[in-house]
Amino acid sequence: MREGHPIEREVGMEYYVSDADGIGGELRVEPEDFRVRELEAFDAAPVDSDPGAYANLVVRATLRGWDTNDFAARLSDSLGVSRERISWAGTKDKHAVTTQLFTVRGGDPADLPDVRDADVEVVGRAGRDISFGDLAGNAFGIRVRDAQVPENVDEITEQLREFGGVDDDADVLGVPNYFGQQRFGSRRPVTHTVGLHVVRDEWREAVLSYVGNPHENEPDETREARAVVDAEADSAGPDWHRALDRMPGYLRYERSMLHRLDEDGAETDEDWRHALEAVPSNLQRLFVNAAQSYVFNRILSERLRRGLPFDRPVEGDVACFADRDAPEDLFRPDTDRLQDVTGRRVDIVGKHCERGRAFVTAPLVGTETELGEGGPGEIEREILSELDLEPADFDLPGNFESTGTRRAILVRSRMSIEENPLDFEFSLPSGSYATAVMREYTKSGPLEL
């Protein structure tokens, strides 16, 4: 175990599991260097099914250099429909070639536009929108170019295989199931900070953390604009119109918040909350989700620091069982099937974990969260206390509320590695991050992942 990159530590990813030096190299030199294909768990009816019963058109899009949200916006604009009528199961990165499903409520195949760098295939029709639960996982193909120490691949793989705890399968490795940097913002990791303020009912601080709060890794233009926001916020009579004028047009969410402050003023908590609600509902939820993710990462890092295992439970853990319907070779947890690990269950659940039939979990804290006991519960309570949080704080208005859930602390995958060029192929369950795997190999900063 060794200390993580400074930017990663800002979001709770405090350690690497593998001690070996990273291989270095570059990822995403070309979009084709990072390929993602959804492992689908969504059934579609034939395309000629009755649109009255199957109102959603289902399409499979292979995108080159498209952010999922941007493609959905392009699709809705071209079809002349509300953005809310476009749905998908998982958000994919822009610097990649991705294949994923979309549903278009009320869509007609004849209306589908030709979109640059997008290959759109009609799959069928469905009676509902696709959602996150309809994604089993993702298959990744990742190329690392110009690795400085490629010979370290074997040593890192062996260390991750040992961490994964599957002794009878040399191809299966494990890493902490960290939420990756992109959950918080790769260049400017602030979404969790916004979310923590929301959960603490600090609406003014939440808005200013997002709109102001310049970060050293962002461009001069945006840093300077955010500095103007901070200066106005600190003044006796803030001029939000001046701050709005300085904010670049491409930062549309920041501009939307500032526009509301300019129009409505910023006298009460309700004014600040109204400004924060200028962003789409999915981003409002993301703020709180990022706060939950940060707490989760902190819990995992503390478990690593204390030397508690990830591949098997200890007294006080809460485990979940494997998803029986998951595709073959996908180590997918089912967090609806939980089990408190006490007494003799420690050994029983440990055997299930060893066989890939169960997973140790940690909380994504919300109103219905029940914390663990023993050593694991002590870690969870200490982190929450340090952050001045408790489960009841997530009883929030509108899209900010969250009941919480639990999440596996270890992600396992069967890894295939080819050399010359250095290609990694593996699959992960939905919600797990390829960068959590690749950071162990490259030991690069998140901006290089």
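Preceding this paragraph is the structure being described.
A brief structural summary. On a predicted model such as this, the values are computed, not experimentally measured, just so you know. (Residues numbered from 1 in each chain as written. Predicted model: local features only at pLDDT ≥ 70, side-chain atom pairs only at ≥ 80, totals over all residues. Heavy atoms only, no water.)

### Remarks on helix H10 (residues 281-306)
Right, on to step 1. Along its 26 residues, H10 runs 38 Å from first to last C-alpha, staying within 8% of the 38 Å computed at 1.5 Å per residue.
Right, on to step 2. Here H10 lies mainly inside the structure; 19 of its 26 residues are buried.
Right, on to step 3. Glycine 307 sits one or two residues past H10 and shows a positive phi near 75°. (Helix = DSSP H or I, 4+ residues; strand = E, 2+ residues; numbered from the N terminus. Expected span 1.5 Å × (residues − 1). Buried < 20%, exposed > 50% of the residue type's maximum accessible area, 1.4 Å probe, protein only.)

### Some points on the side chain of aspartate 317
Right, on to step 1. Mapped onto the fold, aspartate 317 is located in the loop between H10 and strand E10 (318-322).
Right, on to step 2. The class for aspartate 317 is buried, based on a relative accessible area of 2%.
Right, on to step 3. At a separation of 2.8 Å, a polar atom in the side chain of aspartate 317 contacts the side chain of arginine 303.
Right, on to step 4. In this structure the side chain of aspartate 317 is engaged in a polar contact, spanning 2.9 Å, whose partner is the backbone nitrogen of valine 314.
Right, on to step 5. When neighbours within four sequence positions are excluded, aspartate 317 is seen to be in contact with Arg303, Gln339, Asp340, Val341, Val360, Thr361 and Pro376. (Polar contact = N/O pair within 3.5 Å; in protein donor to acceptor, adjacent residues only side chain to side chain. Contact = heavy atoms within 4.5 Å.)

### A word on the environment of phenylalanine 163
Right, on to step 1. Among the structural elements, phenylalanine 163 can be located in helix H3 (residues 153-164).
Right, on to step 2. Sequence spacing of phenylalanine 163 and arginine 412 is 249 residues, and the spatial spacing of their C-alpha atoms is 9.5 Å.
Right, on to step 3. Residue contacts for phenylalanine 163: discarding those within four places in its chain leaves Val17, Gly174, Val175, Pro176, Leu304, Phe310, Asp311 and Leu410.

### Quick look at the nonpolar core
Right, on to step 1. Core analysis: the largest hydrophobic core is formed by 95 residues, its most contacted members being Val198, Trp240, Leu258, Leu276, Phe424, Phe426 and Tyr441.
Right, on to step 2. With eleven residues, H10 is the largest single contributor of residues to this core.
Right, on to step 3. Residue contacts for leucine 258: discarding those within four places in its chain leaves Val211, Val229, Trp240, Ala243, Leu244 and Met247.
Right, on to step 4. Counting residues in each nonpolar core, the second largest holds 16 residues, with Leu63, Trp66, Val104 and Ala118 among its members. (Core = buried A, V, L, I, M, F, W, Y, C linked by side-chain atoms within 4.5 Å.)

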